[in-house]
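Examining the three-dimensional arrangement
Each chain, letter by letter, is given below.
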Amino acid sequence: MNSESPDAPTEQQVQHRLLADMIRIRVFEERCAELYGETKIRGFLHLYIGEEAVAAGVMRCLGDTDSVLATYREHGHALMRGVSAESIMCEMFGKSSGCSGGRGGSMHLFDKDCNFFGGNAIVAAHLPLAVGLGLANQTLDRSDAVVVCFFGEGAMAEGEFHEALNLAALWKVPVLFCCENNLYAMGTSLESSESQTDLALKAASYAIPAWSVDGMDVLEVHRATTKAVAAIRAGGGPMFIEFQTYRFRPHSMFDPDLYRDDAEIEQWKQRDPITTLEAQLLGDQLITKEVVEEMWQAARAETEAAVEAADAAPIEPVDTLLRHVTLDNEVGS
Amino acid sequence: MSATDAGNMPAMTYREAMREALREALAADDRVFIMGEDVADYGGPYAVTKGLHEEFGRDRVRNTPLSEAGFVGAGIGAALGGLRPIVEIMTVNFSLLALDQLVNTAATLHHMSGGQFNVPLVVRITTGAGRQLAAQHSHSLEGWFAHVPGLKVIAPATPEDARWMLPTALADPNPVIIFEHSVLYNESGPVGPATGPIDITKAAIRRAGTELTIVASAGMVPKALAAAEQVAKAGVSAEVIDLRSLRPLDVSTLTQSVQRTNRALVLDEGWRTGGLNAEVAATLAESCFWSLDAPIVRLAGSEVPIPYAKHLEDAAIPQVDDIVAAAINLVRPEQ
């Protein structure tokens, strides 16, 4: 995805694409919230609404050979990585055609064909995996392939964060660490969980280039990530970007959201990455209302088709319960 | 193997046998690499990897910082990315710092991803007491790992197994944890140069007998064999089974033996409560109840953190004399 290549998209095309991406995630997840109310989706459901600019902006900088690891708030990342809305919805419905065969659910979306390594629900535990994947790329002469690892700011209090950054820096592996700082680790605010709230400074102490970006501005996210990915591909070793963002919804569907002021939430909603970009592009006459409306329609159509397919999909037979525990037992069964 | 075959084989220590297995693995496949704390210049805490970095370079015999969760996780990632990592953890007590990676990630990824991903990772962990290293370097926690679906857990107890279980473990598409008991490293035994990869799911009958089955693993195996030798002098014929595979358990070999001998003595250096010994005993109770001439007996670690002082450490884990007494009492309770 070299932006200097002759067939590179124009700036306007990139802007349109990013807007459509964010709309796609938003529509999909708003429908998920409804389906949770209808008890079609169960377990934990963590919505990304408000944070779409990060997944959209980062993922549009990646190519097929890159790898992505995400957290349990990963519907948007999976969609952006190319996992189909239908297989994600089927997974959340617990159906066998889900992207994890009904074994993972909302928190554990996986897709090998997309190099999408989950869907990881132990905070920070996937960071060392990213280092290992980077080491494999380095060793197997896939040095232009980048591993992108998303995590929340809550992960930065975990030991595995520190171990992973130290290893990444020592071994100079091609990994982009993407911290989605939405200010709350579940209900615990950044100030009460981090002695150093300048997260880029904290990461930089591992001798890793690190900086902060406005995660509500998808164009800024895209610009910063383009630069970082190019530098990593060129052999620059690991990098860290903090995306300052905010989730508009509670942590999960069980969260009564007692720890945040309504005023704070409202203030952040004024910076909604979708409405902000829409207004900007309309104001600059870089898009028409019709095109924007088409984006919303297309997203709704995609989501509704996914819901219909998930409703109709067969469940995994119980006699397959013990499949996929070890690789050999499924070969034998 | 027969005694005659064994006599013709070169003797090797357990340490040398494991090193030879590692050397062969590194030479045979460029994707294989070793990583862990002090595996290079220092030669490994138990000198197992000594010299390998000179032969294969520091990328393939890779020192790590003291970051058990970090480098075990990196091993999982490297395995996902197409490499064949062999991760060394200095002692089972330290492996608890990586328990998250082993239990929450290595063991679950295949299932959670609906079978899309698998983790061909080998983790070598030193286990066991006997070196006066006290309560943070001496425990036998392999039973905890054997509790977890998605992992394979093996415990080679002879130099021959140390040499030839590793290639099988490396070829396995699943995470395999190899437990190496620290007192075994200096033990010598015959190692067949051409034995070839050993099935890592099967137990081995180390000594045939007719009156009781002694079930042992890892550091308990030489003790069980010594005890069997002693009770033979008292006219008691003991069969000794080396579990080798702690997960899955080779239930068939265990059951067939106890159905023949009608008595079972289950040894475990780990704690008795909730230990692997309990799993073995319960399994035998289920499968052999109608064949048993006496209740199954367990001889396991005392319910105490392993103490430092030699006499206390010895008292905390089953010794040959304890096994002899338990075996004779089981077969000849009147004596």
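Structure: see above.
Please read these numbers as outputs of a predicted model, since none were measured by experiment.

Residue and element names in this part refer to chain A. One pass over the full model with this rule turns up zero disulfides over all chains. This cysteine, C114, is not joined by any disulfide, and C99 carries the nearest cysteine sulfur, 9.1 Å off. By relative accessible area, which is 12% here, C114 ends up buried. No disulfide involves C178; its sulfur sits 8.0 Å from the nearest other cysteine sulfur, which is in C149.

Another point: helix α11 (residues 251–261) of chain B. Residue and element names in this part refer to chain B. Of the residues making up α11, those classed as buried are T253, L254, T255, S257, V258 and T261. Lining the buried residues of α11 we find β9 (204–207), β10 (212–216), β11 (238–242), β13 (264–271) and α12 (276–288). N262 sits one or two positions beyond α11 and adopts a positive phi of about 70°.

This part takes up the pattern of salt bridges. Side chains bearing opposite charge may pair, as long as their charged atoms lie close to each other. Summed over all chains, the structure comprises 33 salt bridges over all chains. When the shortest N-O distance is used, the salt bridge between R233 of chain A and D66 of chain A registers 2.8 Å. Here R233 of chain A, found in helix α9 (residues 218–236), pairs with D66 of chain A, found in the loop between α2 (52–59) and β1 (67–70); they are 167 residues apart in sequence, far enough to count as distant. With relative accessibility at 0%, the residue D66 of chain A sits in the buried group. One salt bridge connects R60 of chain B with D30 of chain B, and the closest N-O pair in it is separated by 4.0 Å. Linking R60 of chain B in the loop between α3 (52–56) and β3 (61–63) with D30 of chain B in the loop between α2 (14–28) and β2 (32–36), this pair joins segments that are 30 residues apart in sequence. Members of the salt-bridge network, linked through shared partners, are R31, E34, E38 and E304 of chain A.

With that settled, the discussion passes to the environment of G36 of chain B. Residue and element names in this part refer to chain B. With respect to the secondary-structure elements, G36 resides in strand β2. Separated by 101 residues in sequence, G36 and H137 place their C-alpha atoms 17 Å apart. Here G36 is in contact with R62, N63, T64, F71 and E88, once residues within four sequence places are set aside.

With that out of the way, let us pick up the interface of chain B and chain A. Across the boundary between the two partners, chain B contributes 41 residues, which contact 37 residues of chain A. Taken together, both faces of the contact between chain B and chain A bury some 3100 Å²; the carbon and sulfur share is 66%. There are one salt bridge connecting chain B and chain A. For D328 of chain A, the salt bridge is made with K152 of chain B, and the minimal N-O distance between the two is 2.3 Å.

Basis of the calculations
Residues numbered from 1 in each chain as written. Chains lettered and ligands numbered in written order. Predicted model: local features only at pLDDT ≥ 70, side-chain atom pairs only at ≥ 80, totals over all residues. Heavy atoms only, no water. Disulfide = S-S within 2.5 Å. Buried < 20%, exposed > 50% of the residue type's maximum accessible area, 1.4 Å probe, protein only. Helix = DSSP H or I, 4+ residues; strand = E, 2+ residues; numbered from the N terminus. Contact = heavy atoms within 4.5 Å. Salt bridge = Lys/Arg side-chain N within 4 Å of Asp/Glu carboxyl O. Buried area = accessible area lost by both parts, 1.4 Å probe.

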